[in-house]
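# Structural features, examined
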Amino acid sequence: MSTPQPEWTLICRVEDIPVLGSRRVARAQGLDVAVFRNTEDEVFALLDRCPHKGGPLSQGIVFGRSVACPLHNWTIGLCDGQAAAPDEGCTPRFNVKVEAGEVWLDAHELATQATDQTRPIAGPARRCSQAA
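Residues numbered from 1 in each chain as written. Predicted model: local features only at pLDDT ≥ 70, side-chain atom pairs only at ≥ 80, totals over all residues. Heavy atoms only, no water.

The strand order across the open sheet built from three strands is β5-β6-β7, with neighbouring strands paired in antiparallel fashion. Across the chains shown, the open sheet's two edge strands, defined by having one partner strand only, are β5 (61-63) and β7 (75-77). Across the sheet, the axes of successive neighbouring strands diverge by a mean angle of 30°, strand direction being ignored. (Pairing = 2+ DSSP bridges. Helix = DSSP H or I, 4+ residues; strand = E, 2+ residues; numbered from the N terminus. Axes fitted to C-alpha atoms, helices over the stretch in contact; angles between N-to-C directions.)

So this is what it looks like as structure tokens:
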């Protein structure tokens, strides 16, 4: 039995992603996917959520084949979503292909992968009631 071929969805052109930066891809369900570009014009895609405290990786600093989470500076590998030691954890990775300067993501993964993950809510919150 053969594995079905991915159905690809056009996301953007490579030059639409800032060098050493990212672009977010909204999904119908679940958190956004962050698409990153390094200085070698390599393109990677991860769930836009650090495995540590849920920080938005799309706002992190890209260096080499890694991104530093903007919240606590965890280093996350762009190839596999793994946190660098001594930290532990992993964020889901998405298949990406680049052809003729266009960036494509797997449509099935976008629709189904990690759709149940959410961003944590920071700290306890209380709603103040105003006396009339």
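So, about the nonpolar core. Side chains of nonpolar character tend, in soluble globular proteins, to be buried together. The biggest cluster of nonpolar side chains holds 16 residues, and the ones touching the most others in it are I11, V33, V35, V103 and L105. Residue assignment for this core shows that the elements contributing at least two residues are β1 (8-13), β3 (33-37), β4 (43-47) and β10 (102-106). Counting residues per element, this core draws most heavily on β4, at three residues. In contact with V33, not counting residues within four places along its chain, are R23, R24, V25, R27, A45, L46, D48, F94, L105 and L110. (Core = buried A, V, L, I, M, F, W, Y, C linked by side-chain atoms within 4.5 Å. Buried < 20%, exposed > 50% of the residue type's maximum accessible area, 1.4 Å probe, protein only. Contact = heavy atoms within 4.5 Å.)

With that settled, consider the sheet that holds β3. One open sheet holds the four strands; their spatial order is β2-β3-β4-β8, and the pairing between them is antiparallel. In this open sheet, the two strands that pair with only one neighbour each are β2 (21-25) and β8 (93-94).

In this structure, N38 sits in the loop between β3 and β4. From its side chain, N38 meets the backbone nitrogen of E40 in a polar contact 2.9 Å long. Of note is the side chain of N38, whose polar atom sits 3.2 Å from the backbone oxygen of G64. Sequence-distant contacts of N38, that is, excluding residues within four places in its chain, are made with V19, L20, F44, V62, G64 and R65. (Polar contact = N/O pair within 3.5 Å; in protein donor to acceptor, adjacent residues only side chain to side chain.)

Right, let's get into the pairing of β10. Of the pairings in the sheet, the one linking β1 to β10 comprises five bridges and is antiparallel in character. Paired with L10 across the bridge in β10 is W104. Bridge analysis of strand β9 (residues 96-99) against β10 gives four bridges, and the strand direction is antiparallel. Counterpart to E99 in the pairing with β10 is E102. Adjacent in sequence and paired antiparallel, β9 and β10 are bridged by two residues, among which A100 carries a positive phi angle near 50°.

All quantities given are derived from atomic positions and should not be read as evidence of function.
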